[in-house]
Every structure is written in C-alpha cells, then in structure tokens.
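Structural features, examined
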Amino acid sequence: MKKSLENRIGAGYSFLAPAIIFYSIFFLFPVIFSLLVSFKKWNMLIPFTKAPFIGWKNFLDLLKDELFLMSLRNTLLYALLTVSITLTISLFYAIMINKAKFSVFWRFIYFAPVVTPQVAIATIWGYLYNPNNGLLNAILRFFGFKGLNWLTDPSTALFSIILTAIWAGIGGSMLIFTASLKNIPQEYYDAAKIDGATGFKEFWYITLPLLKPTLLFLSATGLIGAWQVFDLPYMLGRNAPAKSVMTVSWYTYETAFQYLRMGRASAGAFLLFVVIFVITLIVLWIFRKGGIKGYE
Amino acid sequence: MNRNVKNLLWETFRYSIIIFGAFWMILPFFWLFSASLMTPQELLAFPPKFLPAEPQWKNYIEVVKKIPILMYYKNSLIVAISVTLSVLLTSSLAGYSFAKLKFPGREAFFRFVLSTMMFPVFIFLIPVYYLMKLFGWLNNYLSLITPFMVSGYGIFLMRQFILTIPNELLDSARIDGANELKIYLKIIIPLLKPALATLAILTFIGQWNSFLWPLIVTSSSQHLMTLPVGISRLSLAFSTTETQHLILTALVLQVIPTVALFLFLQRYYIKGFVLSGFGEV
Amino acid sequence: MKKLLVPILILLLIFTSVSFGKTKLIFTVHWSDYQVEGVKDEKGNLVFKGLKQYVEEYMKTHPDVEIEIRSVAFDELLKKIIIDHTAGLPSDIYVLYSLWGVELVRSGILDEPSADVQNAVRLLFVKPAVEGATIDGKIWGVPIEVDNYALVYNKKLLASAGFKKPPRTWSELVSMAAKLTKRNPDGSVAYYGFAFLAGWDSAVVHPYLALLYSNSGEFLTKDFKECLLDRKEAIEALDAELELFRKGGTDTSASVWNFPAGKVAMMIMAPWYETSLKIGFKDKYAETVGVAPIPYLKKPATCGYTWFIGVDSASKNKKQAWDFIKWMTIQTMPNGATRMGELMAKNIGAIPPRRSDLDKFPDELNDLYTATFVKELIHTIQEPNVAQGQEIKTILMREIVEAWNGRKTAEQALKDAKKKIDEILKENY
C-alpha cells in the first residue's frame, strides 16, 4: 500500500511537469513583468528601464476614473446575466436535442455561432438591431410596439450585447453538457424508471446532481471568460455611449494600445484579476456547500 | 390513449422549440455562405440581402487565384493540430493528477492553474514576443505553437470529467499492480472520449481562428502566415480593384475545416460509460 | 606601370568586398497585398504597379541595398511598431499616421531628417501635409498621403425633392436635410437627408473640426497648453451639428454605410470611400454621386490628416533609408511625377501631397469624386499634432456623441471635454 501511495505522489508531480515548465516560462515571467509595469509610467516606446516609477498612481487614477468604474459595473452585469442565462438555455437544449432525431444535425446548427466569423455576426446582428429596417423592430412594430434603439440607447445597449453574447455562447456550453450527459450511465435512468421517477423528477434527482462537476466548470470558466470579454462589446457597442457598454478589457486595451499608457493598463489588468479571483473563489465555495464531496 | 397524446404533444413541443432556436442560431452562418456568392454591389445593399440574384461561384476561383490559400491552410493546420494534440495530452495528464492523485500542494496548484486564466491577453503580448525573440523562435512555427501548448481551461475541463470516474475502477487496477501511467492510458483515456473530442473541437477552433498573436509574430515571415492573417490582407482602405467581397468568400474557406472537424468528432459523442462489468458502483 | 598594378589590385579588392556587404532595409506599411504586390489582370499582366515593383526597380539600380516590405493591417500597425520596438526589432522605414508620429518623436524613436529633406518638404508639398509632418516645430518625415473631407451627396435624391444644387452654407444643409428625410407611418425612417460618419475618433472629430475651423474657431492654443473648446466659436460649431438633429435631418440611427444603397442623401466623407460608391451605384454612379465642399458657417474650411514616411532612430542604415525615401518621394521620374505619388494615385487611390504630382494624374485626381477633395486642399487645416492625440480625440468624440443623443447641451459637452483634455495637456506640455 505504502509503495503505491509514493508511486502516486511521484506520478502526481510528473504528470504535472509539462504544465509546471510551461507556466514558469509563459505565465510567471509576463505576469511579474506586468506587475512591475503597473507601478510605472510607460508608453512602450522608451526603454522599460527608463520608465519612471510612480507607485500606486496608476491604480488610484483608475479608481478615480468614472469610465473605469462604469466598465466594472457593465462587466459585472454582463458576466452574471450572460453566464446564468446561457447555461440555463444550453442545458435545456442539450437535453432536448440529446433524445431527438437528427441530433448531430441540430447540434451542428446550435454550434454554428461558435464557428461563425466576427464579420458575419456583426453584419447580421447589426441588421437585426437596426432601428429602422431591422428584423427585431419589425417584429415589435408588428405587435403594435414602438421600435427600440437597441444599440445606441444607453438603457438597452448593454442588454442587446448580452443577448448576442448569450446567442454566441449557447453552442459551446451545449457541447460540453452533451458530453457530460453521455457520461451518465444508462443504468441510473433504468433504475429510476423502475422506481417510477420520470420526466422532471428524473432530471432533478439524477441528471442535475451528476452534472455538478460540469456546472461548476461552465460557471467558473464562463464567469472568468465573461469578465474578460472584449470582442463582442467592442464590435457592437461602438455607437453607444461608452459609459453604458464599455467592459474592463476594452478599457484596458484602449488604454494600452491607443493611449500608450501601458502602466495604467497593466494596473487595470491586475485589478480585474483580483475581481475575477474573488468571484471564482465564491463560485467554488457555493458549489462545495451544495455539492457532494469529491465533486468540488 | 392519454399516454400517447401526451407523448405526441411533448414531441411536438420538443421539435418546435428546437426549430425555433435553430433559425436564429444559423442565420449569420447561412448569410456568410450566401454572401460569399454575391456580387460586391449586392453586398452594399441595405437591408442586407439573404440570397444572391445569381450565385457567383467564380468568387471562389478568384480567391484561390489571388491569395496563396494552400500555404495558409498548411500553416494553420500545422499550428492548430500541434496545439490541439499538445493540449489534449497535457490537459488529460494534469487533469488526472488533480482529480485522482493525492499529493501535497495539489489544491493550491490547481487554484494557481485556474488563476492563469484570469489575466487579459494583452499583458502577454509584449513579454512573450520578447521571449520568442530571445529564444530565436520568431521565424519558426514554434512561436505560433509553444505559447499555447498548455491550457488551464483544458486542464480544468479534464479534471471535472475525470472526477466522475469511480475510484473503485482505479483502485481495483492498482491492486492488480498497474502503475499510474498504465491506468491513465488504459482506463482514463478510453472513458474520456466525449470530453477529449469536445476539448479537441474547442481548442482547434480557437487556434484556427486566432488572429492577433499570429499577426504579430508572422508579419516578418510571410511563409508562416495563417489563414486569418492572410485573409486580413485582402482588406483595403482605398481600392482601385474590388476585393472586399472576396473576404467573405475566403472566410467560408476558413470556416469549412472547423465544420468538418466538428462533424467528424461527433462519432465520439456516444454513451461513454457502461457500468455493468465493473461490479459494484 | 607594373609598380602600380599591386596597389590597384588591392584597391579593387577592397571595393568589391565593400559592395558584397548588402544593406538590408525593413519597410513596414499598412497596405494590402494588392497595394504591395501590384494589381494584375486575368492573364497575370501587371495593370497597376505595387510597392514591390518600385522597390525592385530601386534594388536594380542600387545592388548593395536589399529592401524587405512588411505589411500589417492598418488597425494593427501601431501595435506592431510598439511590440517590435520593445522586443528590440524595429523596422528601418515606416509609414506613419501623423498622430502616431507625435508619440514616436517624443520618445526619440524617429530619426530627424537632414536639412535638405526638411526644406524639400516645406517647399514642395501642400500646406496641410507639411503641417502633418511637423512635430514640435521640426519636420520628421516626408508626407505621402493627405486626406480631407467634403460633402458627398446623392444627386437623384436631391432632385426628387426639388434641389438642383448641393447646399453651400450650413443653414442650407440643415433645411435641405430636413426636407430630404422621409419617415414611414410607423415611425421608422425610409431614408435620411444627412448622416454623420461615426464609430471611431477621427470619424466624429474630423468633421467637427472642419466646422470649427469654418466658424473661425480653434481647437487648441498654438503651444498646446490649453484646449479652446469652451469658446463661443466651438459651441456654435457643435450647435450647428445639433441643428441637423433638432430639425429632423438626421438621427443617431442614420449611417453613412447605407449611402451606396440610396438610403442617405448627404454625408461628410473622405476620399477613401470612392470604390464603395462605384460598386454600390454601378452604372448609375456618374449620374448619382456628387461632391461639393463642406457647407460652411463663416468661411470655407475642411479638416485634414496626413500620413508620412519616416526612419527609425535605431536603424543601422539611416543614410540608405533616407536615400530610398528621397528616390520615392522627392526625386521625380521623367514624366515629372514622383514614384510615391504614382503609387498613391494609381494603385492606392489616395491623394499625393506633393504639389507637382497633383496635376499629373488627371484620371484619378481630376475625376468626378476626387477632384473636389483636391480642390479643397487650399481650405484644408491639418488636425493638430498634439501628444496623446488619439486619447484627446476619443474624449472629444464621446462628448460629441452625448450631445448628438441629446443627453448634454453643446456647451456642457464641450466644457466636459475641455476639462479632461486640459488635464492631458498639462501632463505633456
């Protein structure tokens, strides 16, 4: 017994060796470098060593900037709404399609947004949201409502972006749910049927608990990804007031490569990291509280 | 009778929900294919047209003639396949380690791996580019492949899937004298087929469509350019020739392999787990 | 005689070994494959020369120089320059948007051209382009492209509302736009009288600056120490834009990209949109598209921006770099035009900023579309080459958009812009 335990510890480390080497080179160096940069004023053109050290000024400037604070708020809303709604819809459709005919065909169609290039997404959603000719307003007007300025009105712009983000995210989550559903042994369902549990009961008492590891994964990675979102808001939110649609990644990207304020941008990246880290810990804690031990 | 009616209603509900969603999901994708066959003038129409008056198949011939698309395909394939294989390997090994092997520092290191996903991409651009220059890998596929060989997302995904594999399976193999590597190869990997297929699809697509890093790294080495970078060069600010429409055609050519891979890997989405034969659960 | 043979042989040896060491120049641009490789017809014959052909010509006559062209999409060019620099791999020659040039100069990245190049630029190029290449009083490169803005209108839509001529003054524009906007009974708009260019900083700011200059206003003080947007002229200029919204000639859903589909009657546009218009209107292009100077407030004016070509101060081959640049931009070909001018006008479709080039390409520069832009060069005022230019313009853009949406008055928007811009100016001047 003792030998196999030592065996396992050795294997534990050696299986992680590639990751350890990789992260030492490609992660630790850039992150430590960026941390140093966040305490300097650097436009990336003068040599790094000549950039003046300014202490906490970058962090303080960010926390004083209304646009940065609004970006935090927007990103928080975006993350919570996008992840929760996407997961719910993806799980629903994964289950619907799992037992349907032509499931491969449907799965492909729902996955299509993941492989659709940005220009197509921007063109079609730009059209759907168009206040004058767009399909969405046409539908609203058909039912007697007034059209909305989906992407330019500050009260609707962020939610329009969130809607498109949900649309874009369903396919990937659905794929992962599908893989997990396939992993649930049929014996469990057969046993449940004998006990008379079908439909919703089957879902609640068998499927859902066994999907907990996947739910944790999708919630955590969904939130981590959502907090860093850049492409979609940048693409669709160009014509809305920045305060209502800007996300933290967009802010830091603009600060770094348009304003050449790499110090401030790096500080923003670290503030964002802290936020994401705390939120991820909260998600892990929630799952540990509600889950079976071992499925953390 | 009641039960059959209930069934019928349920199935109707199921398919109408699916078809309703499918319309919205496929719309931009469908438009892309349709637009690739339009004339430049049709593309400037507003509201956007959804079907060309006459499909311009010659767009595809023009694209193939105008850009070295085979070279771009080759480069994209080399990079995407290398990264995907590397990620599958390192993620499943590390995922197994985190899920089923006990050793000091395991949880702390797992949290470290999670935290590697929490930094925005731009802070890596300059330092990693500098490293590539330092190692002399700039004019080499290595600069396109190595920064992506390990993925925290992949490790996390594999860990979650491997957690669902019953410990009894592994313990009985250990009692039989198998070492961890053998367990990994003979038990874990076969049971992970849907998960591996999923990770393969997502990783491949991520690499295949990746634009910013390949752009930065290949602008001095045109022979290494990947598909997205190559296609972006069709974009013109001014133009005395009409090539903007060819971008959509080129994008279709970019999308097709990802669709093919997705459909090909669907074969691994089978019931991955049959318990009978492994004794008590 | 024989005694001289040995020293002659030695001299010959030295000369040949010197010319064996080739100088390599790296030239980074933002042009597409066509603009670099040249435009070919179906049979593969060259129709328009690309940058590559000129470079090959140069290398033939200067066998000791090798030039490598690297092109990066416009959106990524600045990033590429920065990242290359931090990694210690700068290019030798760049094509630069003038505001990027300001940051490079202030960080000591650009090589100051020799006096003869600076004088040549001052004498031979149009005023806005010279200003565009001037940073902190010195000239830092040779301008290669100058852009400005004009009023582009749909003759047919104007005629259908009874207008035979485009508006000359701004108030004419406002009343015409209101009459030209057609609304549907359900509240949606069928087509707009006017649409503003929007979506990025220059799009919104340049036309505003054109109005500001037309109103005899100034954006910044000459020493860049203060922002002047709280002055009467600036507020009037923004209010003039807002009049269009108030009178119903446009709204924030109007988009210039719908002009080729005939959904917009008038817009303020730059020279680079020509091809889209030709494609959109096809054989009806000539009878539909018209170009006129921007309707003025007090005096005719438009805003311009410039691209120039410069050399990196860390380059090991500065002399050869400038020699190539002079050959492309200052020296003329037998027909009197410069090579860069020819590349710009015939292939890239832009306006060459060298005075003597302006009448050498009548087909491209004196045509239906571009002619007005070229004529308006005398009224063109270059945007100021101020430090943190893009940041300042983005701030102004966002305030202008607030005003467009009716969330701020012109005065409040400009006041808020001035406050933030003054902070940045203080940091840099």
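Counting restarts for each chain, with residues numbered from 1 along the sequence as it is written. Labels are handed out in written order, letters beginning with A for the chains and numbers beginning with 1 for the ligands. For a predicted model such as this one, the threshold for reporting local features is a pLDDT of at least 70, and the threshold for listing and counting side-chain atom pairs is 80 or more; totals across whole chains, interfaces and linings nevertheless cover every residue. Only hydrogens and water are set aside; all other atoms, that is, all heavy atoms of the structure, feed into the side-chain values.

Some details on the overall build of chain A
Scanning chain A for helices and strands turns up 14 helices and 0 strands. Numbering goes from the N terminus for both helices and strands, where a helix is a DSSP run of H or I of at least four residues and a strand is a run of E of at least two. Moving toward the C terminus, one meets the helices and strands of chain A in the order α-α-α-α-α-α-α-α-α-α-α-α-α-α. Burial analysis of chain A (296 residues in total) assigns 57% to the buried set. We call two residues in contact when some of their heavy atoms are within 4.5 Å. Within chain A, contacts between residues separated by at least 24 positions form 67% of all contacts whose residues are at least 6 apart in sequence. Approximately 12,800 Å² of chain A is accessible, and the part contributed by carbon and sulfur atoms is 71%. His is not counted, nor are the chain ends, whereas Lys and Arg count as positive and Asp and Glu as negative. Here the site of a charge means NZ on Lys, CZ on Arg, CG on Asp, or CD on Glu. Each charge class in chain A can be summarised by its mean position, and for the 25 positive and 12 negative side chains these summaries are 4 Å apart. The rule is simple: take the accessible area with a 1.4 Å probe, protein chains only, and divide by the maximum for that residue type; under 20% is buried, over 50% is exposed, in between is partly exposed. Note on areas: these come from Shrake-Rupley sampling with a 1.4 Å probe, and a residue is covered only by the protein chains present in the view.

Describing the interface of chain B and chain C
A common measure of how large an interface is: the accessible area buried when the components associate. Listed by partner, the interface residues are 33 residues for chain B and 39 residues for chain C. Between chain B and chain C, a total of about 3,100 Å² is buried, with carbon and sulfur atoms accounting for 62% of that surface. Only one rule defines a salt bridge in this text: a Lys or Arg side-chain nitrogen within 4 Å of an Asp or Glu carboxyl oxygen. At the junction of chain B and chain C, the tally comes to 1 salt bridge. Put simply, Asp 33 of chain C and Arg 233 of chain B hold a salt bridge, and the shortest N to O gap is 2.7 Å. Residues adjacent in sequence count toward polar contacts only when both atoms are side-chain atoms; beyond that, a polar contact is any pair of N or O atoms within 3.5 Å, and within protein one must be able to donate a hydrogen and the other to accept it. On inspection of chain B and its partner chain C, the count reaches 7 residue pairs in polar contact (both at pLDDT 80 or more). Of all elements in the fold, only α2 (40-43), α6 (122-135) and α12 (212-218) of chain B reach the threshold of two or more residues within the side of chain B that touches chain C. No other element matches the 5 residues that α6 of chain B contributes to the side of chain B that touches chain C. Summed over both partners, buried area is the accessible surface (1.4 Å probe) that two parts give up on being assembled.

Considering the pattern of salt bridges
With the rule as written, the count across this model stands at 41 salt bridges over all chains. Lys 49 of chain C serves as the salt-bridge partner of Glu 57 of chain C, at 3.5 Å between the closest nitrogen and oxygen. By relative accessible area, which is 30% here, Glu 57 of chain C ends up partly exposed. Classification of Lys 49 of chain C as partly exposed rests on a relative accessible area of 30%. We note a salt bridge from Glu 364 of chain C to Lys 346 of chain C, for which the minimum N-O separation is 3.6 Å. Residue Glu 364 of chain C is located in helix α16 (residues 362-365), and its partner Lys 346 of chain C is located in helix α15 (residues 339-348); the two are separated by 18 residues in the primary sequence. Residue class for Glu 364 of chain C comes out buried when judged on its relative accessible area of 17%. Under the relative-accessibility criterion, Lys 346 of chain C is labelled partly exposed at 29%. Among the charged side chains, a network of salt bridges with common partners joins Lys 41 and Arg 261 of chain A together with Glu 391 and Glu 427 of chain C.

Quick notes on a nonpolar patch on the surface
The patches described consist of residues with a relative accessible area above 30% and no salt bridge, like charges being joined within 9 Å and nonpolar side chains (Val, Leu, Ile, Met, Phe, Trp, Tyr) within 5 Å. A grouping of Ile 21, Ile 25 and Phe 29 of chain A together with Tyr 130, Leu 134 and Phe 135 of chain B is seen on the molecular surface, where their side chains present a nonpolar patch of about 520 Å² in accessible area. Listed by contribution, the elements that provide at least two residues to the nonpolar patch are α1 (2-37) of chain A together with α6 of chain B. Inspection of the secondary structure puts Phe 135 of chain B in helix α6.

Some words on the side chain of Thr 198 of chain B
Along the chain, Thr 198 of chain B turns up in helix α11 (residues 193-208). You can call Thr 198 of chain B buried: its relative accessible area is 1%.

What about the side chain of Glu 103 of chain C?
Structurally, Glu 103 of chain C can be placed in helix α5 (residues 98-106). Nearest to the buried, unbridged Glu 103 of chain C among oppositely charged side chains is Arg 106 of chain C, at 6.0 Å. Sequence-distant contacts of Glu 103 of chain C, defined by excluding residues within four places in its chain, comprise Leu 45 and Leu 260 of chain A together with Val 386, Ala 387, Gln 388 and Gly 389 of chain C.

A few points about the confidence of the model for chain A
Atom-level detail of predicted coordinates should not be read off regions where pLDDT is low. One number per residue, pLDDT, summarises how confident the predictor is, and it ranges from 0 to 100. Chain-level pLDDT for chain A is 91 on average; 95% of the residues reach the 70-or-more range. Segment residues 292-296 of chain A: pLDDT under 50, and 9 contacts once partners within four positions in sequence are set aside and those in other chains are kept.

Observations concerning the pairing of strand β9 (residues 150-154) of chain C
Two faces make up the sheet, and in a regular strand the side chains alternate between them. All names here are of chain C. Where burial is concerned, most of β9 is hidden: 5 out of the 5 residues are buried. When DSSP finds two or more bridges between two strands, those strands count as paired. Bridge count for β9 against strand β12 (residues 264-269) is 4 bridges, and the pairing is antiparallel. Considered in β12, the bridge of Leu 151 is made with Ile 268. Bridge analysis of β9 against strand β13 (residues 289-292) gives 4 bridges, and the strand direction is antiparallel. Bridge pairing links Asn 154 to Val 289 in β13.

What to know about the confidence of the model for chain C
Predicted confidence across chain C gives a mean pLDDT of 93, with 95% of residues reaching 70 or more. Both confidence scores are given for the complex: pTM 0.92, ipTM 0.90.

A few points about the interface of chain B and chain A
Residue-level contacts link 99 residues of chain B with 99 residues of chain A. Across the interface of chain B and chain A, roughly 8,900 Å² is buried in total on both sides, 79% from carbon and sulfur atoms. The largest per-residue losses of area from chain B upon contact with chain A belong to Met 25, Met 118 and Phe 122 of chain B, which jointly make up 9% of the total buried on that side. The interface formed by chain B and chain A contains 12 residue pairs in polar contact (both at pLDDT 80 or more). Sorting the residues of the side of chain B that touches chain A by element identifies α1 (2-35), α4 (69-100), α5 (106-115), α6, α8 (152-163), α10 (180-191), α11 and α14 (244-265) of chain B as the ones contributing at least two each. With 17 residues, the top contributor of residues to the side of chain B that touches chain A is α1 of chain B. The residue classification treats Ala, Val, Leu, Ile, Met, Phe, Trp, Tyr, Cys and Pro as nonpolar and Asp, Glu, Lys and Arg as charged. All others, Gly included, are polar. Here the residues of the side of chain B that touches chain A sort into 75 nonpolar, 16 polar and 8 charged.

A closer look at the pairing of β12 of chain C
Residues and elements named next belong to chain C. Across the 6 residues that make up β12, a large majority, 6, are buried. Where strand β11 (residues 189-195) lies against β12, 3 bridges are found, and the strand directions are parallel. Pairing of Tyr 192 across the sheet is with Val 264, part of β12.

Considerations on the nonpolar core
Throughout this description, the term nonpolar core refers to a set of buried Ala, Val, Leu, Ile, Met, Phe, Trp, Tyr and Cys residues connected via side-chain atoms within 4.5 Å. By size, the foremost hydrophobic cluster in this structure holds 352 residues, and its most contacted members are Trp 31, Tyr 208, Leu 229 and Met 266 of chain C. In terms of residues, this core owes the most to one element, helix α7 (residues 154-182) of chain A, which gives 14 residues. Segment limits for the domains were obtained from an automatic or database-derived domain assignment. Viewed by domain, this core spans two of them, domain 1 (2-56) and domain 2 (60-278) of chain B, each represented by three or more residues. In contact with Tyr 208 of chain C, not counting residues within four places along its chain, are Leu 229, Ala 234, Ala 237, Leu 238, Glu 241, Leu 396, Ile 400 and Leu 414 of chain C.

Quick word on the sheet that holds β12 of chain C
In spatial order, the strands read β10-β11-β12-β9-β13 (chain C); together these 5 strands make up an open sheet with mixed pairing. Strands with a single pairing partner mark the edges of an open sheet, and in this sheet they are β10 (182-183) and β13 of chain C.

Quick look at the layout of surface pockets
It is the rolling of a water-molecule-sized probe over the atoms that shows where space remains empty. Computed from the structure, the largest pocket encloses a volume of approximately 1,400 Å³. Both site types are read off a 1 Å grid over the protein atoms alone. A 1.4 Å probe that fits but cannot get out defines a cavity, while an open set with protein on both sides within 12 Å along at least five of seven lines defines a pocket; lining residues have an atom within 4 Å of a point. Forming the walls of the largest pocket are 44 residues, and the residues nearest its centre are Arg 261 and Arg 264 of chain A together with Glu 391, Ile 395 and Ile 424 of chain C. Secondary structure elements with two or more residues in the lining of the largest pocket: α2 (57-64), α3 (66-98), α12 (242-245), α13 (248-257) and α14 (262-290) of chain A together with α5, α18 (389-404) and α19 (410-428) of chain C. Among the elements that take part in the lining of the largest pocket, α19 of chain C stands out by supplying 7 residues, more than any other. Taken together, the residues of the lining of the largest pocket sort by class into 13 nonpolar, 8 polar and 23 charged. In terms of lining, the second largest pocket is formed by 25 residues, of which the most central are Thr 198, Gly 199 and Glu 202 of chain A together with Trp 10 and Arg 14 of chain B. Elements with a contribution of two residues or more to the lining of the second largest pocket: α3, α8 (186-195) and α9 (199-210) of chain A together with α1 of chain B. Counting residues per element, the lining of the second largest pocket draws most heavily on α1 of chain B, at 7 residues. For the lining of the second largest pocket, the class distribution of residues is 9 nonpolar, 8 polar and 8 charged. Grid points are joined across faces, edges and corners, and a volume is the space filled by probe spheres set on the points.

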